[in-house]
Amino acid sequence: MDRSEKVIITNMCMIYNGGRVLVENRTNPDWPGITFPGGHVEKGESFTDAVIREVYEETGLKIFFPRLCGIKDWTEDDGSRYMVLFYKTDKFSGELVSSDEGEVFWTELSELKSLDLAEGMDKQLEVFLNDDLSEDFFYKENGNWIEVIK
């Protein structure tokens, strides 16, 4: 039995400073709205190096010691798996600069859910903020997506 599968690996990082978090208002029409910065892991790149690079490209900030805190994953219709590795850190330096991906800005964590969040971001926040949770998993049942937070 072949246990290999094609996987697309991406990342997202919650950068926090006291009660504030850095967010990005994504302009991508496939998944617009407020989220945390991140992007694709390139072939041959370590997961940690990828999140450091993506955060720098999208925010101008150099992050340090990103800690893996969860994952979001699902299987696409073509059978490939899509994974989003969740990281968080409060260690960073540099000047905040927005990119073509969207405007980046600081907001109070307590106000985050009142913003125009990207689809599903409210559930992803549960994994970022609750150390007892580690996965936001989706599967299809009778043609409908089922979401399980574990």
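Scroll up for the structure.
Given the structure is predicted, the values throughout are model-derived calculations rather than measurements. (Residues numbered from 1 in each chain as written. Predicted model: local features only at pLDDT ≥ 70, side-chain atom pairs only at ≥ 80, totals over all residues. Heavy atoms only, no water.)

With respect to the helices, strands and loops of the structure, glutamate 45 is situated in the loop between strand 3 (33-35) and helix 1 (47-59). For glutamate 45, the side chain forms a polar contact with the main-chain nitrogen of glutamate 42, separated by 2.9 Å. Here the side chain of glutamate 45 touches arginine 53 through a polar contact of 2.8 Å, side chain to side chain. Apart from residues lying up to four places away in sequence, glutamate 45 is in contact with His40, Ala50 and Arg53. (Helix = DSSP H or I, 4+ residues; strand = E, 2+ residues; numbered from the N terminus. Polar contact = N/O pair within 3.5 Å; in protein donor to acceptor, adjacent residues only side chain to side chain. Contact = heavy atoms within 4.5 Å.)

We now examine the side chain of asparagine 11. Note on placement: asparagine 11 falls in strand 1 (residues 7-17). Residue asparagine 11 is classed as buried on the basis of its relative accessible area of 4%. If we ignore the near neighbours within four places in the chain, the residues touching asparagine 11 are Pro37, Gly38, Gly39, Val41, Ala50, Val51, Glu54, Val84, Leu85 and Tyr87. (Buried < 20%, exposed > 50% of the residue type's maximum accessible area, 1.4 Å probe, protein only.)

It is worth spelling out the pattern of salt bridges at this point. In this structure the tally under the stated criterion is ten salt bridges. Arginine 53 is the salt-bridge partner of glutamate 54, the closest N and O atoms lying 3.1 Å from each other. Two residues, aspartate 77 and lysine 140, come together in a salt bridge whose shortest N-O distance is 3.0 Å. On the criterion of sequence distance, the pair formed by aspartate 77 in the loop between strand 5 (67-75) and strand 6 (81-89) and lysine 140 in strand 9 (residues 135-141) is long-range, its members being 63 residues apart. Overall, aspartate 77 belongs to the exposed group, its relative accessible area being 69%. Since its relative accessible area comes to 41%, lysine 140 is described here as partly exposed. Through salt bridges with shared partners, one network takes in Glu42, Glu45, Arg53, Glu54 and Glu57. (Salt bridge = Lys/Arg side-chain N within 4 Å of Asp/Glu carboxyl O.)

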